[in-house]
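Tertiary structure, described
Next come the chains, spelled out residue by residue.
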Amino acid sequence: MSERTAVVRPPDRAAPAGRRRPAVRRLLDRDAVAAAGAAVLAMLAFCAAAALRGTYPFGARSRAVNDLGNQFVPFHAHLWDLLHGSSTGDLLVNWNSGFGSPFLADFVTYLTNPFSWLTGLFPRDEVDLAVFLATLLSIGLGAAAMTVLLGRIAPGPAWQRSLLAVGYGLCAWVLNDGSPDPMWMWGLVSLPAIGLACDWCLRERRWVAGTLLVTLAWAGNFYTAAMATIASCLVLLLRLALAGDPVRARLRQAGRAAAMLATGVLLAAPVMTVSLKASKASQPAPPATYPGAPGLTDYLAQLLPGGRSDHSVPNIFVGMLGLLLVASLPFNRRVARAERAGWLVLLVLTAASFVWEPTILLWHGLAIPNGSPYRAAYVLSGMLVMAAWVSLARRPDGRALLGGTALVALVALVGHGQSSVRPSTWIEVAAGGVLVPAALWALNRPGARPLARRCAGALLVLGVFAGAVHTSWAVTKIRDGLPFYVPRTTLTANSLAARDAVRANEDWPASRTDPGPHEFANNDPLLLGGEGGSYYSSYLPAVTAEMLQGLGTGWYIQGRHTLSPMDPVGRALFGITTYLDGTGGTGRGFTVQHAAAAPLVTVHPDTAPDTRSVWSRQESLLGARVYGVPEPTWTAGPRPVARAGGWSVPATPKGRAWTTFTGVCTPGSTVFFYAPWFSGTVMGHGGKYTSWGREPMTSMPIRELGPVPADGRVTVQLRTSKAAVLPAQPVGCLDRGALDSALHSLTGATKVTAGGHTLTADLPPGSKGVALLSVPAADGWRCSVDGGAAAAPRSVLGMIGVPLGAGASRVSCGFAPPGLTAGLAASGAAAAVLGGVAVVTLLRRRGVLRAGDGPVPSV
């Protein structure tokens with residue numbers, strides 16, 4: 001084949017459809033069988049590796065296949081509740097977490113992988129299996145879609161395309177980055193789906209279907225869809241450059257693609273507008289900086305399958321078949337020189353863009369991710385598979401295969417000694433480096449007998465499958481052994497018992513049931529039910545985090561993971577009458593505790609709160625004095641230094657007395673200690689605990705120490721290995737009798753009614769001052785008094801406050817996600833465009849309009 005004829009162009013668009021229909025049907029049948037084969041092989045390999053590891057669902061739940069349970073099983077449990085109508089909230093508000101949090105942004109980010117919706121078909125106690133299936137089916141569909149896309153890039157044997165697609169479905173990104181996050185796994189489908197839509201633009205057909213594919217990709221997970229769109233545009237530009245069509249035709253095709261992508265993205269606009277607004281209002285993430293590019297040899301070593309690096313690098317391998325074929329491309333003279341150069345330049349530039357900070361920002365939505373900065377690596381794996389197919393479709397000869405094998409050997413040689421090159425890597429390279437070239441040579445050898453070709457094909461299929469199983473097994477084994485990777489099982493006998501206890505004591509909205517002790521997962525309220533303060537989300541509103549921390553609760557990850565209060569006043573302020581206490585148990589045990597609490601809606605005088613300390617903030621919301629707050633005096637150990645707003649406590653030398661503070665409180669009251677950023681040991685009055693505070697990442701909650709003795713002397717001892725800070729008034733002595741009296745004297749709502757995203761309270765007639773709702777005053781809430789005009793409420797130390805004016809008897813509040821209206825408007829406009837194009841297309845097909853009539857020139 002000459003270089004001139006090797007460039008593949010889309011089929012003749014002018015060929016009569018009737019004449020081509022039987023051939024098209026046969027092609028579709030082959031594509032369907034090959035796509036199904038790729039899906040089955042990829043999913044079987046993933047399951048076989050999990051079975052060999054003995055991980056769930058092929059082993060005990062205590063051996064989780066990844067950390068799905070730690071974060072995403074609770075989200076899917078909440079999805080189950082929504083699908084079955086057993087949730088107190090809806091898509092707009094999650095009443096379970098953060099004492100009432102906006103939920104739509106979380107939903108479109110974490111739960112719109114279509115396979116996640118299979119959760120509703122399983123028992124709630126088996127949602128972890130549904131999460132596993134969401135990952136597994138995404139692998140299968142991604143491999144199937146890639147099989148189809150490869151056939152559009154270049155014609156060739158469908159079964160060979162399916163083998164390359166298996167390498168894509170189980171690429172390094174899937175095994176290392178994607179599989180623990182079911183929402184990201186939709187990106188594995190989005191890349192070939194958007195690529196197929198762009199291919200239709202090259203062929204000037206199926207504009208409406210292509211637009212819907214783009215919408216499906218962006219609605220399923222907009223984060224990975226953006227990466228897939230960029231990559232698909234790069235591939236489209238390369239294919240336009242290689243097509244050889246007149247410039248005018250190529251400009252028309254590019255315009256079709258641009259219009260298709262824009263319309264498809266706008267159809268999914270609510271996903272982006274709601275998420276963007278929620279992100280701007282969220283608690284800021286810990287700052288992330290790019291540590292710098294890995295070394296060239298380290299980067300090249302990531303092409304070799306079977307290993308995992310001990311530091312952050314782009315995870316890009318696609319198996320030995322794909323790697324050897326990409327390596328053979330420069331030597332494959334059956335591929336036009338321009339096409340070879342184009343694909344190789346595309347691969348090199350894309351790889352370089354992953355390690356240059358400005359383009360890293362472009363790939364990741366203008367923000368360096370926390371964790372790995374290489375989350376877009378799967379698109380490079382997809383491009384590697386496409387380039388491999390360009391070579392395989394042209395039947396590389398012995399020279400090309402030998403050159404590719406030598407190039408892979410060189411990569412293995414220079415990668416030797418890198419942390420990602422493990423014994424499992426050498427097994428893959430040695431076995432694949434012999435089997436794959438030999439099988440490909442036997443398949444493509446002129447004059448080879450059919451039996452020899454069939455044997456070579458069978459050997460190649462078995463080799464690809466065995467390599468996929470071995471690689472999946474080896475990589476997950478390495479990953480599970482890393483010190484920072486600690487899978488946790490969520491659906492245990494203890495957690496199921498905790499859920500039963502929460503349900504048995506549920507009294508919403510008359511009061512809250514807090515599903516502490518926040519040990520089963522990062523999102524216990526989603527997993528167990530109830531209404532707690534714990535929430536772990538990228539969209540946790542800043543007002544929620546700041547309110548809870550200001551009232552003495554703890555947080556992790558700089559406030560992106562909040563916890564419920566652990567002190568009686570904090571619980572009372574949020575209407576918690578039942579909670580699961582794990583502090584006195586062992587492991588993940590718990591005891592059910594009950595306490596008096598304020599109603600969810602109370603009425604207070606319209607006065608400014610006292611914000612001098614955590615104790616005064618709590619008292620301001622309670623409306624009564626319940627704490628004695630002693631002035632701390634240093635009496636022993638390393639001398640602390642008083643500073644503006646608090647104390648600086650020096651490190652405690654080994655063998656020396658602890659830093660000791662004393663004060664005076666009412667005998668019989670209970671000593672509580674609050675030092676959110678203190679790291680060390682706290683002891684006093686029979687209580688002792690380790691504090692892990694680290695500003696601003698980890699904030700410790702108010703903790704109980706013990707009763708004040710008869711002499712009224714309060715003593716708190718501190719030991720720390722490094723200098724630490726304390727607030728000016730770290731000790732509060734709670735008078736429990738005063739707390740009970742304060743709760744009984746509160747003016748509360750006579751009736752509270754909660755909808756999915758609404759809260760209505762009937763108040764004593766003529767109530768004046770401010771109605772205080774124990775719900776964070778997140779953007780999007782609007783409240784009305786006695787049926788009047790709705791307006792945004794005020795924030796009272798972070799809670800919703802509604803001025804009652806001269807007197808009122810009813811307060812109603814409702815939530816609408818910021819950005820939803822704008823997103824729906826953009827989506828409606830895009831739907832109108834899509835509908836117009838569809839109508840014109842239908843009229844043209846029926847002969848009512850001729851080409852050139854209507855709002856679009858050709859569809």
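The preceding data block contains the structure.
Residues numbered from 1 in each chain as written. Predicted model: local features only at pLDDT ≥ 70, side-chain atom pairs only at ≥ 80, totals over all residues. Heavy atoms only, no water.

**A word on the sheet that holds strand 5 (residues 555-556)**
Strands sit in the order 4-6-5 across an open sheet of three strands; the sheet is antiparallel. At either end of the open sheet lies a strand with only one pairing partner, and these are strand 4 (535-536) and strand 5. (Pairing = 2+ DSSP bridges. Helix = DSSP H or I, 4+ residues; strand = E, 2+ residues; numbered from the N terminus.)

**Here's the deal with the pattern of salt bridges**
Within this structure, the stated rule accounts for 13 salt bridges. Where E619 meets R625, a salt bridge forms, and the shortest distance between an N and an O atom there is 3.4 Å. Residue classification places R625 among the exposed positions, given a relative accessible area of 64%. Between R736 and E704 there is a salt bridge, and its shortest N-O distance comes to 3.6 Å. Here E704 lies in strand 18 (residues 703-707) and R736 lies in helix 25 (residues 736-745), a separation of 32 residues in the sequence. With a relative accessible area of 37%, R736 lands in the partly exposed category. Salt bridges linked by common partners bring D31, R152 and R161 together as one network. (Salt bridge = Lys/Arg side-chain N within 4 Å of Asp/Glu carboxyl O. Buried < 20%, exposed > 50% of the residue type's maximum accessible area, 1.4 Å probe, protein only.)

**Notes on the sheet that holds strand 19 (residues 713-719)**
Taken together, the five strands give an open sheet; going across it, the order is 11-14-19-16-17, and neighbouring strands pair in antiparallel fashion. What marks the edges here is a single partner per strand, and that holds for strand 11 (633-636) and strand 17 (687-692). Strand-to-strand twist across the sheet, computed as the mean angle between neighbouring axes with direction ignored, equals 25°. Where strand 11 meets strand 14 (residues 659-664), three bridges bridge the pair, whose relative direction is antiparallel. What sits directly across from T633, in strand 14, is T662. (Axes fitted to C-alpha atoms, helices over the stretch in contact; angles between N-to-C directions.)

**Considering the state of the cysteines**
By definition, a disulfide is the covalent link that joins the sulfur atoms of two cysteine residues. What the rule picks out here adds up to two disulfides. The partner cysteine of C783 in its disulfide is C813, sulfur to sulfur 2.0 Å. One disulfide, between C783 and C813, carries an S-S torsion of 110° and so falls in the right-handed class. Linking C783 in strand 26 (residues 781-785) with C813 in strand 29 (residues 808-815), this pair joins segments that are 30 residues apart in sequence. Owing to a relative accessible area of 3%, C813 belongs among the buried residues under this scheme. Going through the chain in sequence order and numbering each bonded cysteine, the pairs you get are 1-2, 3-4. (Disulfide = S-S within 2.5 Å.)

**Things to note about the packing of helix 4 (residues 127-153) against helix 7 (residues 186-202)**
One way to put it is that helix 4 packs onto helix 7 with a least axis distance of 8 Å and a crossing angle of 25°. In terms of orientation, helix 4 lies roughly parallel with respect to helix 7. Handedness of the crossing formed by helix 4 with helix 7: left-handed. Between helix 4 and helix 7, the contacting residues are S138, I139, L141, G142, A145, M146, V148, L149 and R152 on the first element and W186, L188, V189, L191, P192, G195, L196 and D199 on the second. Grouping the constituent residues of the contact of helix 4 with helix 7 by class yields twelve nonpolar, three polar and two charged. (Parallel < 35°, antiparallel > 145°, perpendicular 65-115°, else oblique. Left-handed = near helix turned anticlockwise from the far one by under 90°. Contact = heavy atoms within 4.5 Å. Nonpolar A, V, L, I, M, F, W, Y, C, P; charged D, E, K, R; others polar.)

**Observations regarding the nonpolar core**
Membership of the largest hydrophobic core comes to 173 residues, with the highest contact counts inside it found for W218 and W343. No other element matches the 13 residues that helix 16 (residues 377-392) contributes to this core. Among residues more than four places away in sequence, those in contact with W218 are I194, A225, A226, T229, V265, A268, V271 and M272. Counting 28 residues, the second-largest nonpolar core is a separate cluster that includes A598, V614, W615 and I702. (Core = buried A, V, L, I, M, F, W, Y, C linked by side-chain atoms within 4.5 Å.)

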